[in-house]
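What the coordinates show
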Amino acid sequence: MIWRIPLLLILAWALGFGLFMLSLGAPLDDAVKTDAIVVPTGGPGRIDRGIALLQAKAAKRMLITGTDPTVRPIELAVEYKAPPRLFRCCIDLGHEAVDTRSNADETAAWVARHGYRSVRVVTADWHMARAKLELANALGPEVEIRGDGVRTTPNWSMLLREYHKYLVRRFALLLGIGGG
């Protein structure tokens, strides 16, 4: 009888991992409009995607959260071959965040400052579940969050690590630990 509990836990973990794999963030249709775009730094394709969406007028403004404090907007404009005027008018750099949780906190302050009601988060497909979880916690139910996953080819190790981070954070929030 006692062996059933570990077996049920293993089964729940495996089913959860399967659901996690099936729900990896997918790209959102470019025609979907939101008030703002949020791009956490940390992986290839994210900033490119955010700039393309901003240029396509999918949102009014974009925050690149977790940017190194020494990076200047003109440097990003040159690196991503974007017009400097786009960075002057419509792209903000957040320098406070160091991880997914602080990305969400930095984003929440920015969203509140601008009064936005909807955001499109652009991040790696494998990172989407946790990014949306943290944003939902920081922003609350008043702000709609749309996920726009950048396709990647993560290895099993990365997927397992991200799934475990997601589980730990999900349980912490359920238990009221570290919530906003």
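You'll find the protein entered in an unreviewed UniProt entry as YdcF family protein, with Sphingomonas plantiphila given as the organism.

Here we come to unusual backbone geometry. The backbone of K57 sits at a positive phi, close to 65 degrees, despite the residue not being glycine. Position of K57 relative to the elements: it lies in the loop between α2 (46-55) and β2 (61-65). Since its relative accessible area comes to 61%, K57 is described here as exposed. One non-glycine residue, K81, adopts positive backbone phi at about 50 degrees. Within the fold, K81 resides in the loop between α3 (73-79) and α4 (84-90).

Our next topic: the pattern of salt bridges. Pairing is possible between side chains that carry opposite charge, provided their charged atoms lie close to one another. Counted under the stated rule, the structure contains nine salt bridges. E144 serves as the salt-bridge partner of R146, at 3.6 Å between the closest nitrogen and oxygen. You can call E144 partly exposed: its relative accessible area is 40%. Where salt bridges share partners, they join D30, R49, R120 and D148 into one cluster.

Definitions and cut-offs
- Residues numbered from 1 in each chain as written.
- Predicted model: local features only at pLDDT ≥ 70, side-chain atom pairs only at ≥ 80, totals over all residues.
- Heavy atoms only, no water.
- Helix = DSSP H or I, 4+ residues; strand = E, 2+ residues; numbered from the N terminus.
- Buried < 20%, exposed > 50% of the residue type's maximum accessible area, 1.4 Å probe, protein only.
- Salt bridge = Lys/Arg side-chain N within 4 Å of Asp/Glu carboxyl O.

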